[in-house]
Structure formats: C-alpha cells, structure tokens
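Listed below, chain by chain, are the residues.
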Amino acid sequence: MVTRKKVALVSLLLVLAFLLWGCGGGGGSWTPGNLLAIVIGVDSSYSTANLSTVSLDEEEFSISPSLISNLCGDTVVKTYRDYVFIVERPSWGTVDSPIYVYKVGEWDNPLKNYTLGKNVYDIVFVNESVAYAIPWGEAFIQKIKPLTGEEIRKVDLSSYSYGSDGSPNAAKGLFTNGRLFVILQRYDVGTFSYGEGKLIVINPNEDSIDRDITLNSKNPQDLDHYGGKLYIVQAGRLFDPSDDAIDVMDLRDYNLRKLCDNPLQEEGMDLYALEITENGTAYLLGGGWPGWPNYKVYEFDLRDGKIGGMIYEGG
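Given the structure is predicted, the values throughout are model-derived calculations rather than measurements.

Peer 1: What exactly am I supposed to notice about the sheet that holds strand β20 (residues 245-250) here?
Peer 2: Two pairing modes exist for strands in a sheet, parallel and antiparallel, and in both the strands are linked by backbone hydrogen bonds. Sheet architecture is open: four strands sit in the order β18-β19-β20-β21, paired in antiparallel fashion. Looking at which strands have only one partner, the edges of the open sheet turn out to be β18 (220-226) and β21 (256-261). For this sheet the average axis-to-axis angle between neighbouring strands, irrespective of direction, equals 25°. Pairing analysis gives six bridges linking β18 to strand β19 (residues 229-234), with the strands arranged antiparallel.

Peer 1: Explanation requested: the nonpolar core in the structure shown.
Peer 2: It is characteristic of soluble globular proteins that their nonpolar side chains tend to be buried jointly. Core analysis: the biggest nonpolar cluster contains 18 residues, and F181, L199, I213, L223, L230, I232 and M249 have the highest contact counts within it. Those elements giving two or more residues to this core turn out to be β12 (170-176), β13 (179-184), β16 (198-203) and β19. Those residues within four positions of L223 in sequence are excluded, and the remaining contacts are K172, G173, L174, F181, I183, L199, L230, Y231 and I232. The next biggest cluster of nonpolar side chains, apart from the first, holds 16 residues, and it includes V233, L259, L271 and L302.

Peer 1: Even after reading the chapter, I still don't get the confidence of the model for the protein, so can you show me in this structure?
Peer 2: Detailed reading of the predicted coordinates is not advisable wherever pLDDT falls low. Looking at the protein, pLDDT values average 89 and 89% of them are 70 or higher. Under a pLDDT of 50 for its full length, residues 1-32 has, in the predicted model, 90 contacts with residues more than four places off or in other chains.

Rules used in this analysis
Residues numbered from 1 in each chain as written. Predicted model: local features only at pLDDT ≥ 70, side-chain atom pairs only at ≥ 80, totals over all residues. Heavy atoms only, no water. Pairing = 2+ DSSP bridges. Helix = DSSP H or I, 4+ residues; strand = E, 2+ residues; numbered from the N terminus. Axes fitted to C-alpha atoms, helices over the stretch in contact; angles between N-to-C directions. Core = buried A, V, L, I, M, F, W, Y, C linked by side-chain atoms within 4.5 Å. Buried < 20%, exposed > 50% of the residue type's maximum accessible area, 1.4 Å probe, protein only. Contact = heavy atoms within 4.5 Å. pLDDT = per-residue confidence, 0-100.

Shown next as structure tokens:
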C-alpha cells in the first residue's frame, strides 16, 4: 500500500523488484512508515504465495517478509486507506474469489473474509462504504460494501460478452469525475482471439451504463488519468508487440483518440501497465519474449506518447 498518489510508483517497482518469499505461518505486526508497499510474492512453482511489506525508512528499504503465508498461487492485493484486501483466484479463476480484509499492521487475523465472483481482477473504491469488484470471469461487476462483502447490486455486462465463456472479461476500473470507467478485454478462451476492446462508463447513482466506447486496439490492460484525460493501455494479441496502442480520452466530452501505436515494438514488448504520479510523471510497464518473464519500466511522455529512459529491468 502506498499512502499517496505521488509515490504510487513505489508499489509497481517493488512488486517487480522483489520476490519476497519465506516459509512459516505468517502473523506478526508491522508499523508502516511514510512510504509502505504491500507485496505479494509467489513461489517458483506458482503453487503458493505470501504477503510481505517493504517500507522506505531514511532512504533504505526495510523488508518484513511472510507476514501472511499459504495464500493461493494466483493472488493479488488491493489497498484503500489503512485497509488491505487480499484477493485469491484459485483453480485458475474458475471458482469464486476469496477476499480477506486486514487493517495494515494487524496481520494476525483478518477483520473479515468473504467471497466474490470468479477471478476478481480489480476492486475500485468509491469510499470506505462503497466499492466495485471486477470479476474477469463473470458477465457482471459487483457493487459491494468492501469492509463486509455485502453485495449492494450487480451491474449487468452480458450484452458485451464475447466468446465461449459468456463473459466480456472486465479487467480493471477507475473511479473519477463521478463515474466508474471499466475496460473490457473480450477474450475468447476457445479460440485465443479478442473482440473489440471496450471502455464502459457507469453512473454510480443508478449503476447504469451511460455509454460504451470502442478502443483503437484490443485487449486493454490498464487505465489511469491525469489533467482531465484518461489513458488506456492496450496489448492487442499477446506475444505480438506490433498491434499495441495507447488511447487518450477527454473526460469532459468523452472524445477518444489514439495517442501512440506500438511504443515498445522495437523492444519486443507488449504493454501491460501505466502509472501516472500526481505531478504528471508517467511510467510504462512492458513485458517481452523471448526470455520470459522479462519486464521493463520506461519513462513515458503523456503529451506525445514517446518513450523515455528505461528505469528498471527484471524477471
């Protein structure tokens, strides 16, 4: 967890830089510093995972490994204020996702545990009482009370389903300007193909879909915003960096345009994530082959879509 947007890059870099793994039963306690990252480490067989923390204290990293152990091998973590939400996706995301809610620094027992839909990719927080869970394997997203897991309602996405699994494959969301924005990957698990990438806009007052917007490429991976604009990263076909794109949309009138094509093609890398700090500094994460897993983080210019220097490379 990073407590302020301007240092949110710390989470991204630390997840890449550290494979924090250890045996044992977890437990313990941790007092967060000003900069704190919550890191999920997975063992080399992808069979089990644990939670660790990394704190920046006087320019040095303090690592507290294996605070919670024996998690599912496919586990992600989301944070909101002083709360940590551990999201497990067992059985390759084909069953409901267990969620464990912790208060940061209090790792012995969860405050609450509950289940949501299949293969939850993201939880988007409106406030402490309202959030949207985004299950990749369902034809809906779930409006919930995040501290209790109580479902308020479902938002139906079935009209956007693509392929044999009956899901539009909602991947990530972002709440800004009074609206929830969700990207749909629309992946056919039978043919390994993608339909048109979509961005949907949801009014949280009625939980209705205001509009849907067709993106300029397929397989959207991430979205972030800065200066009244929304940026959407699209990977196209995986293992093929020649059909990637980044779109930019004006949040005032929903006008969408392509910012750039294939920014990491020369590096042989697909696009995976974009992180923008509160002062507009942007970083782009790419993943490449051969040599998988091979990841790099680059500086990225939001004005013209140009790639700057590489600031991290790792597995």
